[in-house]
Amino acid sequence: MNREYYGKLIFELSRPGRRAYSLPANGCPEGATLLPEGLLRKSAPELPEVDEPTVVRHYNNMSTNNFGVDTGFYPLGSCTMKYNPKINEEMAVLPAMAGLHPLQPVSTVQGALEAYHTLQCYLAEIGGMAEFTLNPFAGAHGELTGLMVIRAWHDSRGDSKRTKVIVPDSAHGTNPASAAVAGLKVIEVKSMPDGTVDVEALSAVLDDSVAAVMMTNPNTMGIFESRVREIADMVHDAGALMYYDGANLNPMLGVARPGDMGFDVMHVNLHKTFSTPHGGGGPGAGPVGVRSGLEKFLPNPRVVKNADGSFGLSQSDGSLGSVSATLGNFAVQLRALSYILSLGCDGLAQAGRLATLNANYVKESLRDVYELPIDRVCKHEFVFDGLADKTSGVSTLNVAKRLLDHGYHAPTIYFPLLFHESLMIEPTETESRETLDEFIAVMRDIAREAAESPEVVKSAPHNTPVGLPDDTKAALSPKVTYFDLMQ
Ligand SMILES: *Cc1c(COP(=O)(O)O)cnc(C)c1O
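The following refers to the structure shown. (Residues numbered from 1 in each chain as written. Predicted model: local features only at pLDDT ≥ 70, side-chain atom pairs only at ≥ 80, totals over all residues. Heavy atoms only, no water.)

Observations regarding the packing of helix H4 (residues 110-127) against helix H11 (residues 330-366)
- Axis separation between H4 and H11 bottoms out at 10 Å; the angle between their running directions is 50°. Comparing their axes, H11 and H4 come out oblique. Pair H4 / H11 crosses with left-handed handedness. Contacts between H4 and H11 involve Ala112, Ala115, Tyr116, Thr118, Leu119, Tyr122, Leu123 and Ile126 from the former and Phe330, Gln333, Leu334, Ala336, Leu337, Ile340, Leu341 and Leu348 from the latter.
- In terms of residue class, the contact of H4 with H11 is made up of 14 nonpolar, two polar and no charged. (Axes fitted to C-alpha atoms, helices over the stretch in contact; angles between N-to-C directions. Helix = DSSP H or I, 4+ residues; strand = E, 2+ residues; numbered from the N terminus. Parallel < 35°, antiparallel > 145°, perpendicular 65-115°, else oblique. Left-handed = near helix turned anticlockwise from the far one by under 90°. Contact = heavy atoms within 4.5 Å. Nonpolar A, V, L, I, M, F, W, Y, C, P; charged D, E, K, R; others polar.)

Quick look at the nonpolar core
- Leu123, Leu202, Met242, Leu270 and Phe274 are the most contacted members of the largest nonpolar core, which totals 50 residues.
- If you list the elements that add at least two residues to this core, you get H4, strand E3 (185-189), helix H7 (199-205), strand E4 (210-216), helix H8 (228-237), strand E5 (241-246), strand E6 (265-268) and H11.
- Residues within four places of Leu270 in sequence aside, it is in contact with Leu119, Leu123, Ser275, Thr276, Ala285, Pro287, Val332, Gln333 and Ala336.
- Core analysis: the next-biggest nonpolar cluster, separate from the first, contains 25 residues, Phe382, Phe384, Phe439 and Ala447 among them. (Core = buried A, V, L, I, M, F, W, Y, C linked by side-chain atoms within 4.5 Å. Buried < 20%, exposed > 50% of the residue type's maximum accessible area, 1.4 Å probe, protein only.)

Topic: the site of the ligand
- The ligand sits among Ser78, Ala138, Gly139, Ala140, Glu143, His172, Thr174, Asp245, Ala247, Asn269, His271 and Lys272.
- A distance of 3.0 Å is found between an oxygen atom of the ligand and a backbone nitrogen or oxygen belonging to Ser78.
- In this structure, an oxygen atom belonging to the ligand sits 2.9 Å away from a side-chain N or O atom of Asn269.
- Among the secondary structure elements, those contributing two or more residues to the shell around the ligand are helix H5 (139-156) and helix H10 (270-273).
- Of all the elements, H5 adds the most residues to the shell around the ligand, at three residues. (Near = heavy atom within 4 Å. Polar contact = N/O pair within 3.5 Å; in protein donor to acceptor, adjacent residues only side chain to side chain.)

Some details on the packing of aromatic side chains
- Under the defined criterion, the tally for this structure stands at eight aromatic pairs.
- Consider the rings of Phe274 and Tyr339, whose centres lie 6.2 Å apart with planes at 85°: the pair is edge-to-face. Placement of the pair is Phe274 in the loop between H10 and strand E7 (288-290) and Tyr339 in helix H11, with a sequence separation of 65 residues.
- By relative accessible area, which is 0% here, Phe274 ends up buried.
- Judged by centre distance (5.4 Å) and plane angle (80°), the ring pair of Tyr408 and Phe439 falls under edge-to-face. Here Tyr408 is found in the loop between helix H12 (396-405) and strand E11 (412-413), whereas its partner Phe439 is found in helix H13 (residues 433-452), with 31 residues between them in sequence.
- The exposure class of Tyr408 is buried, given its relative accessible area of 9%.
- When its relative accessible area of 0% is taken as the criterion, Phe439 is described as buried.
- The cationic tip of Arg157 hangs over the ring face of Trp153; the distance from NZ or CZ to the ring centre is 4.0 Å. (Phe/Tyr/Trp six-rings, centres within 6.5 Å; stacked < 30°, edge-to-face > 60°. Lys NZ or Arg CZ within 6 Å of the ring centre and 35° of its normal.)

Regarding the sheet that holds E4
- One open sheet accounts for seven strands, arranged E1-E7-E6-E5-E4-E2-E3; its pairing is mixed. The open sheet has two edge strands with one neighbour each: strand E1 (131-133) and E3. Here the average twist between neighbouring strands, direction ignored, is 25°.
- Most of the contacts of H4 go to E1, to which it runs at about 125°, and overall it touches E1 and E6. (Pairing = 2+ DSSP bridges.)

Here we look at unusual backbone geometry
- Backbone torsion omega between Asn300 and Pro301 reads -10°, so that peptide bond is classified as cis.
- Structurally, Pro301 can be placed in the loop between E7 and strand E8 (302-305).
- Backbone geometry at Thr80 places phi at a positive 45°, although glycine is not the residue there.
- On the secondary structure map, Thr80 appears in the loop between helix H1 (52-63) and helix H2 (86-92).
- With relative accessibility at 2%, the residue Thr80 sits in the buried group.
- At Tyr414, a residue that is not glycine, the phi angle is positive and equals roughly 60°.
- Considering the arrangement of structural elements, one finds Tyr414 in the loop between E11 and strand E12 (422-425).
- You can call Tyr414 partly exposed: its relative accessible area is 30%.

Taken by themselves, the reported measurements are silent on function.
Take a look at the structure:
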């Protein structure tokens, strides 16, 4: 990045009279107005006045102040920050797709509806479900939609006493939040020391007031819940349903299906597992799948294939209603379809297996210098509890900051809450052996540095535009606007 531009607002680069464009004269007489007097500005807007190179450099320099999967290795656990093939981006911006309006007549968008319907079918096959809707806009939105399906099903049987949802304490924060928004009360179940659900504790709170159990498998620790079938039987015997949080579907792709594990309702995060970049919180899609018997409760409208082979929208009577004004985020759906079609069955299964292999490779290569609290084969991610040698006083935060000096995005830190110094690593399937080896070497260097010269690690980062912020000061007297910073 260039120092002349770094950290400056475009207003600071402004000089009176500079222009980045030149337009031919418009031919209107000077002073002529086409708008009523009352609608006109009294003074000109305050816009930056800059030449074209300044505009171009300003935005390009700003774009390089960021870090993304297209910049370097991004092992952020619990988020699946994987490289997304560019062919999927190209499909999403095809003019014939990107130029559509969501409210166009159905007869004019048959191709788009076919793409939508095809993706519904593929997701149903991958998840082991009967039917999918692509309408929800995010994972959390999918959870809410799925829980509303579950409520609608209980209501349809006149079973109105089921007002609770059981959620393991290792669940993503959106699980209890979605349950609360769906009007259900959350019962938290503690995890075992190995991070898996405590089946006995779950069984103790399972009664006829429970609507559903929400589970993530593999769970947040990256461990496969091997007692899931037993749990599903128990939950079904108690008259409740099993909800699958599919944000960790990556390692399961083509290998195991939530439907076969006994789940009734699930969501997937297209922006995690199926190729949409999602740094900075947007845009996403959280399609929801249901097992046979629950289809009619899915949100309206549904995309269906008619008997004559054409595609249409249908409204189902038992539906929970509508969850989006359009049919979801179409560009995200197109990327997912392109991803699935380009990988094919074998490719998807290979992605799933590589996600698991890569995580275990990194874990095994670092376990002598970082503390491994759960010593099991993991799936797509795993958690260290800080450095193995605690005598240097170097924390997980220090390690994360030092990684920035080496050009890596830090792993997830201090989550999950099960350990004091959690350092959660998810390499993903798209990283090469060389990238993983390089990362492992840097992690080992940092461990050695922590023992030999801990101050260097504790005062990191040293090579980034912004150094180590004072966390306490930032919390006590935050500077939240540009003008605060200038003081
Ligand atoms: C990301 C995530 C979610 C929420 O998905 P959003 O698309 O961010 O709303 C839910 N559960 C788990 C396990 C996740 O990792």
